[in-house]
Amino acid sequence: MNNIQRELVDYIKGHPIINTHSHHLQDHIYKAFNLDSVLRQSYVNWNQVPLESTYESRVNFLEKNRYNSYFVWLEKSLQELYHFKEPLTADNWNELSGRIEEAHRDEDYHVSILTEKCQYKKIILDTYWEPGSNNGHPHIFTPTFRIDPFFFGYSPDARDHDGNSPFKLYDNVPEDLDEYIDFIEKLIILKKEEGCIALKCAIAYDRGLDFEQVSRDRAYQAVRKDPARRSKEDIKAYQDYVFINICKMAAQQKLPIQCHTGMGQLIGTNAMALKNLIEGNPDTKFVLFHCSYPWMDDVNGLLRAYDNVYPDLSWLPILSTSAAMRMLHELIEGGTSDKVSWGCDTWTSEESYGALLAFRFVLAMVLGEKVMNSYITIDDAKAIVDNIMYKNPLKLYY
Ligand SMILES: [Zn+2]
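Residues numbered from 1 in each chain as written. Predicted model: local features only at pLDDT ≥ 70, side-chain atom pairs only at ≥ 80, totals over all residues. Heavy atoms only, no water.

Student: For the sheet that holds strand E5 (residues 199–201), give the residues involved together with the corresponding values.
Tutor: Spatial ordering of the open sheet is given by E4-E5-E6-E7-E8, a layout of five strands whose pairing is parallel. This sheet does not close on itself; its edge strands, each paired only once, are strand E4 (145–146) and strand E8 (309–312). Both strand E6 (residues 257–260) and strand E7 (residues 286–289) contribute to a ladder of four bridges, which runs parallel. Following the sheet pairing, Gln258 is matched in E7 by Val287. The strands touched by helix H12 (residues 296–305) are E7 and E8; relative to E8, the strand with the most contacts, the crossing angle is about 145 degrees. (Pairing = 2+ DSSP bridges. Helix = DSSP H or I, 4+ residues; strand = E, 2+ residues; numbered from the N terminus. Contact = heavy atoms within 4.5 Å. Axes fitted to C-alpha atoms, helices over the stretch in contact; angles between N-to-C directions.)

Student: I'd like to hear about the environment of Val173, residue by residue, with values.
Tutor: Secondary-structure assignment places Val173 in the loop between helix H7 (166–169) and helix H8 (177–193). Judged by its relative accessible area of 13%, Val173 falls in the buried class. When the C-alpha positions of Val173 and Gln265 are compared, they lie 28 Å apart, and in sequence the two are 92 residues distant. Among residues more than four places away in sequence, those in contact with Val173 are Pro166, Phe167, Tyr180 and Phe183. (Buried < 20%, exposed > 50% of the residue type's maximum accessible area, 1.4 Å probe, protein only.)

Student: Give me the lowdown on the coordination of the zinc ion, citing residues and values where you can.
Tutor: Coordination of the zinc ion by the protein involves His21 (NE2), His23 (NE2) and Asp345 (OD), with metal-donor separations of 2.1 Å. Spacing between the donor residues of the zinc ion along their common chain follows H-x1-H-x321-D. Linking His21 in strand E1 (residues 17–22) with Asp345 in the loop between helix H14 (321–334) and helix H15 (349–372), this pair joins segments that are 324 residues apart in sequence. This pair shows no difference in class: His21 is buried, exactly as Asp345 is. (Donors = N, O, S within 2.8 Å, 3.2 Å for Na, K, Ca; no water.)

Student: Just give me the short version of the sheet that holds strand E2 (residues 120–125), but keep the residues and values in it.
Tutor: A sheet is described by the order of its strands in space; here three strands give the open sequence E1-E2-E3, paired in parallel fashion. One side of each edge strand has no neighbouring strand; the edge strands of this open sheet are E1 and strand E3 (141–143). Neighbour-to-neighbour, the strand axes of this sheet turn through a mean angle of 25 degrees, independent of strand direction. Pairing of E2 with E3, which is carried by three bridges, proceeds in the parallel orientation. Counted as the bridge partner of Ile123 is Phe141 from E3.

Laid out in structure tokens, this is it:
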């Protein structure tokens, strides 16, 4: 590391942050919490390597995950939070697990990591299990309102990928489509009054993002059909109609829509699929989460073409650290300085701190390179840090 990078690392470390995206778990989860709990509720678990509590299983788990960026940053976080330097092994597993369990005996510990260690000033919370909740910690969590269940109002049996449906979450869900749209609007207004500052759409885990203009008649035709005869196209038309209406409500209520783009069901989830929707709703702010990884070029294209596009680096630095570096270089070069934000997108404080370490690393490396190449000055680099970590999300959401 050279002097410029070191100066930036110092500047970034301890910088106040508005974290735009988190699924932080409720207090009771941290009551019996150890190393296995951290790993099971982390992205490392998404690599699908089985984890049992035997020595052999732990050896295999670590061997398979060791070089994956989810693991690398989580391990760095655990090393710092729990004061050990050596790599995590099956031999020191129980010792570390004990330290985690001990630390969480203090019931405020999980929130104190976020407020003190991470220096988060606000965290936008996506509690898909209870849309619009602040987990009982309003001083740190500001909710975003998850809208996915509304795409499944065509049948009481339909569920989103989290197992939710409007019928499960809310009382008196109307069957008539006009009344249903009205019902959604009233809920969005209510949630805004209760403190929600954005809408969150993660429908990319259920379907493609190719939303098209659909007439009210076509949507009615789809919803009135005998469920047994309802086709995939009918369901798509219904969902397209619902989302187009929600985009209008978002503009009216001045609530940005945080859209998961990229990973998910993978077919049709790249951000370019949203082009028509973005173009057709110029007053709706579309936040493109995860920069559409692995189709990041889509975001670079959309950012240059539409003023209502806001790239968000959430998840990306731990999803692929080098991809996040490439993307940040291009975002700085491609857009105006007020567009980009970041969120941890994690469930636990331990992984959130790891995600932050990854993000800080990406910022320092990319900005350091840009200063060394005389693309910007060190003061410009610091101004970019201020923007991405704090000013941009403040202006967009608060
Ligand atoms: Zn998320």
